[in-house]
There are 2 protein chains.
Amino acid sequence: MITVNIIGAGNVAYHLYRALSLSPEVKVLQVTARDQRKLEDFVNPELINTDFSKIKDCDVHLICVSDSAIAEIAKAMFGLNGLVVHTSGATSINLLHQLKRYGVFYPLQTFSKQRDVSFSEIPICIEAEQKNDLALLKILALKISNDVREITSAQRKTLHLSAIFVNNFTNHLLHLGNEIVKQNNLDFNILKPLLKETVMKLEDMPPFEAQTGPARRGDQITMKEHLAQLSEENQKKIYTELSESIQKTYGKEL
Amino acid sequence: MITVNIIGAGNVAYHLYRALSLSPEVKVLQVTARDQRKLEDFVNPELINTDFSKIKDCDVHLICVSDSAIAEIAKAMFGLNGLVVHTSGATSINLLHQLKRYGVFYPLQTFSKQRDVSFSEIPICIEAEQKNDLALLKILALKISNDVREITSAQRKTLHLSAIFVNNFTNHLLHLGNEIVKQNNLDFNILKPLLKETVMKLEDMPPFEAQTGPARRGDQITMKEHLAQLSEENQKKIYTELSESIQKTYGKEL
C-alpha cells in the first residue's frame, strides 16, 4: 500500500485524486488546498485539509498547483520525510532541491474537470535524484498508467513545449475554425470527420507528409481569397504566419 | 446505374475513383488526365484517357483537378450533355456556368494516396442550378457516403476556409511539435494520447471551453521561457501569434 497526499484543487489534482482513489494499492490520506469549496466539489470530506502547516506525512506528496505557486507550497513541506513531487511539465526538479526527498510526477495530458480521462494510456514522466525514490514513483505511476517513462527535466521541458503546439495551439485553431463556421450559421460537426482523419493519418505517416492545402501547394490565389474572407485581425495574422511557415517548410516562394 | 467520368489524377481523383468503383450501382466509364503514368498507378488500363477532346458523355463528369486548372478543363467539356461538377471547396459553382449542366460535388476531407479513407462518414457537399441535377448528385453521393448536404457556394467557401484551420494548420502545428521533440531526440509517440484527447474532448465541450495552457492562464513567465527555448524563427512567430490570440480570446492582458 502506498500512501499519498495531494496538494491542489485544480484539474490535475482532481484527476489524480480520482485515478489514485480507484487503485486498491494506493491510499489517499489527505487533499490540501486553501479553497475549501473547491475541495468539497470532489474530495471525500474526511480527507479535506486547508491548513498547509497540518500536512500529514506519507509516502508521496503530489504538488498539483500552478507553476508559479510550487516554490511557495514547497516551503510548507520542509519538515516532511515523505517524497515530495511536483506535477508540472515546465518546472525543473531543482525547484524542490531544499526538500529532503523530491522528484517529478508529470502526467502528459490535458485535463478538464468536465471530462473523464482514462489514465491507463497517459504517459507519466517521472524523475528523482535518488534511485529508491525513482523506484517508488515508478511503482506509484504504474498503479494508474501503463506508460511510465524516466524523463529528465530538460526533456520534460521540451515535451511540455511541444505539447503546447500539439494541444493548446491546435485547440485554439479548432476554436477559430468553429468561430468561422458559426459566424456563417454553419454546423461545426460537419468538420469533425476531417479533424479525426487529421489525427488518424499520423498512424500511417509523419505530419510532414500528411500536409495538404493551398500553402503546401504554393497556391497564392486561394490564400489571398481566404485572407479577404477573414474578418478578425487575429485570424488574419494566424492565417498569414502559418501559411508562411508551411510554404517555407516545403520550399515554396512567399 | 449511374455512369461517371473522372477528370484528374491527384488525391481526390484517386479516392473518388476507388470509392465509386466499389459501388455496384455506379459505373466509372473513363478517367482522364494528361499524365498517363499517374493514371496507370491506380486506374484500370481500359478506362485511361489522356486526350481531353475524347471525353465520352455520361451521367456525371467529376472534375478533380487543382482549383486553378478547373476553368481550362471546363472548356474541353462544352459539348457534353452530362452533368459536369467540380470537387473544389474554394471554387464557386459559377465558374462552370457556360456549360449546359453544372454543379459541385465537394467531399470535405483531407486525402493522401498513401492512406485509405472510409467514404461513408465523409460529408459530401452538393450544389446545382437545376433541381433534377441536384437530385442526381444526391443519389450519386449517397452511393458512397451517409452524410450528403446541400451547401451553397458561399457556405462551401466558409467551410473550406474553416477546414484550413482545422486540418492544414493543425497538421502543421503537429509537424512543428514533431520537430521540437525530434531536435531533442525524443519520441513523438509520447504526445499521441494528448493529441487524441484534444480531439475527443470536443465530443463533450466546445473548443472554447477545452482550452488550457499558459496563454489561457495569462502565465507570462512560462510563455517567455518557451519563447527562449524555441530555436527557429517561424516557431517563435507562431508561438507568439497564437498565444496572443488565446490571451485576447480569454480577456487576458498581453
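In this convention, every chain numbers its residues from 1, walking through the sequence in written order. Labels follow written order: the first chain is A, the first ligand is 1, and so on. Side-chain atom pairs in this predicted model are given and counted only at pLDDT of 80 or more, local residue features only at pLDDT of at least 70, and totals for whole chains, interfaces and linings cover all residues. Heavy atoms throughout the structure, all of them, feed into the side-chain values; hydrogens and water do not.

**Thoughts on the relation of the copies chain B and chain A**
Argument step 1. We superpose the copies by least squares over the C-alpha atoms of residues that have a pLDDT of at least 70 in both of them. Turning chain B through 180° and shifting it by 0.0 Å along the axis lays it on chain A, with an RMSD of 0.0 Å. On this basis, the relationship between the two copies can be described by a two-fold rotation axis. Of every C-alpha in chain B, the one belonging to B:Thr170 sits nearest the axis of rotation, 2.7 Å from it.

**Comments concerning the sheet that holds strand E6 (residues 102-107) of chain B**
All names here are of chain B.
Argument step 1. Note on pairing: DSSP must find at least two bridges between two strands before they are called paired. Secondary structure elements follow DSSP: runs of H or I no shorter than four residues count as helices, runs of E no shorter than two count as strands, and numbering proceeds from the N terminus. The strand order across the open sheet built from eight strands is E3-E2-E1-E4-E5-E6-E7-E8, with neighbouring strands paired in mixed fashion. Strands at the two margins of the open sheet, each flanked by one partner only, are strand E3 (48-49) and strand E8 (148-150).
Argument step 2. Examined bridge by bridge, strand E1 (residues 2-7) and strand E4 (residues 60-63) share four bridges and lie parallel to one another. Note on E4: the bridge partner recorded for Ile 6 is Leu 62.

**Examining the packing of aromatic side chains**
Argument step 1. Note on ring pairs: Phe, Tyr and Trp rings are taken, using the six-membered ring of Trp, and paired if centres are within 6.5 Å. Classes follow the plane angle, with under 30 degrees stacked, over 60 edge-to-face and the rest tilted. Under the defined criterion, the tally for this structure stands at 14 aromatic pairs over all chains.
Argument step 2. Plain terms: the ring middles of A:Phe169 and B:Tyr239 are 5.2 Å apart, the flat faces sit at 70° to each other, and that makes the pair edge-to-face. With A:Phe169 in helix H5 (residues 153-183) and B:Tyr239 in helix H10 (residues 233-249), this pair bridges two chains. You'll find A:Phe169 and B:Tyr239 in the same group, each marked buried.
Argument step 3. Counting every residue linked through ring pairs, the aromatic cluster contains A:Tyr14, A:Tyr17 and A:Phe42. Think of it in three bands: with a 1.4 Å probe and only protein chains considered, a residue is buried below 20% of the maximum accessible area for its type, exposed above 50%, and partly exposed in between.

**Things to note about the interface of chain B and chain A**
Interface size is commonly expressed as the accessible area that is lost once the parts come together.
Argument step 1. Note on contacts: a residue pair qualifies if any of its non-hydrogen atoms lie within 4.5 Å across the two residues. Counting residues at the interface gives 85 residues for chain B and 85 residues for chain A.
Argument step 2. Throughout, buried area stands for the accessible area (probe radius 1.4 Å) lost by two parts on being put together, summed over both. Summed over both sides, the interface of chain B with chain A buries roughly 8900 Å², with 65% coming from carbon and sulfur.
Argument step 3. In terms of surface lost to chain A, no three residues of chain B exceed B:Arg115, B:Phe165 and B:Ile190, which account for 9% of the buried area on that side.
Argument step 4. A carboxyl oxygen of Asp or Glu within 4 Å of a side-chain nitrogen of Lys or Arg is what we treat as a salt bridge. Across the contact surface, chain B and chain A share eight salt bridges.
Argument step 5. At the level of elements, helix H5 (153-183), helix H6 (192-200), helix H7 (207-210), helix H9 (220-229) and H10 of chain B are the ones that each hand at least two residues to the side of chain B that touches chain A.
Argument step 6. A total of 25 residues in the side of chain B that touches chain A trace back to one element, the largest contributor, which is H5(B).

**Some thoughts on the nonpolar core**
Argument step 1. In this description, a nonpolar core means a group of buried Ala, Val, Leu, Ile, Met, Phe, Trp, Tyr and Cys residues linked to one another through side-chain atoms lying within 4.5 Å. Counting residues in hydrophobic clusters, the biggest one holds 68 residues, and the most contacted among them are A:Met77, A:Leu191, B:Met77 and B:Leu191.
Argument step 2. Setting aside chain neighbours within four positions, we find A:Leu191 in contact with A:Val181, B:Leu108, B:Leu159, B:Ser162, B:Ala163 and B:Val166.

**Topic: the sheet that holds strand E4 (residues 60-63) of chain A**
All names here are of chain A.
Argument step 1. If you walk across this open sheet you meet the eight strands as E3-E2-E1-E4-E5-E6-E7-E8, and the pairing is mixed. A single partner strand is all that each edge strand has here, and the edge strands are strand E3 (48-49) and strand E8 (148-150).
Argument step 2. The angle between two axes is taken between their N-to-C directions and runs from 0 to 180 degrees, where each axis is a line fitted to C-alpha atoms and a helix contributes only its stretch in contact. In the packing of H5 onto the sheet, the strands contacted are strand E5 (83-86), strand E6 (102-107), strand E7 (124-128) and E8, and the crossing angle to E7 comes to about 155°.

**Here we look at the side chain of A:Thr3**
Argument step 1. Inspection of the secondary structure assignment puts A:Thr3 in strand E1 (residues 2-7).
Argument step 2. Setting aside residues up to four positions removed in sequence, A:Thr3 forms contacts with A:Lys27, A:Leu29, A:Cys58, A:Asp59 and A:Val60.

**Things to note about unusual backbone geometry**
With glycine set apart, most residues show a phi of negative sign, and most peptide bonds adopt trans.
Argument step 1. A positive phi angle, close to 55°, is found at A:Asn185, a residue other than glycine.
Argument step 2. In this structure, A:Asn185 sits in the loop between H5 and helix H6 (192-200).

**A word on the domain arrangement of chain A**
Residues and elements named next belong to chain A.
Argument step 1. Taken domain by domain, chain A consists of domain 1 (2-151) and domain 2 (156-249).
Argument step 2. Centre-to-centre, using C-alpha coordinates, domain 1 lies 35 Å away from domain 2.
Argument step 3. Opposite the 14 residues of domain 1 that make contact, domain 2 presents six residues.
Argument step 4. Across the interface of domain 1 and domain 2, roughly 730 Å² is buried in total on both sides, 60% from carbon and sulfur atoms.
Argument step 5. At the surface where domain 1 touches domain 2, the tally comes to one salt bridge. For the domains described, the bounds stem from an automatic or database domain assignment.

**So, helix H9 (residues 220-229) of chain A**
Argument step 1. By the burial criterion, the buried members of H9(A) are A:Thr222, A:Met223 and A:His226. For H9(A), the buried positions fall inside an angular range of 100° around the axis, keeping them on one side. Those residues of H9(A) that are exposed and aimed more than 90 degrees away from the buried face are A:Ile221, A:Lys224 and A:Ala228.
Argument step 2. Each element contacted by the buried residues of H9(A) is listed here: helix H8 (214-217) and helix H10 (233-249) of chain A together with H5 of chain B. In this context, the arc is that of the directions from the helix axis out to the C-beta atoms.

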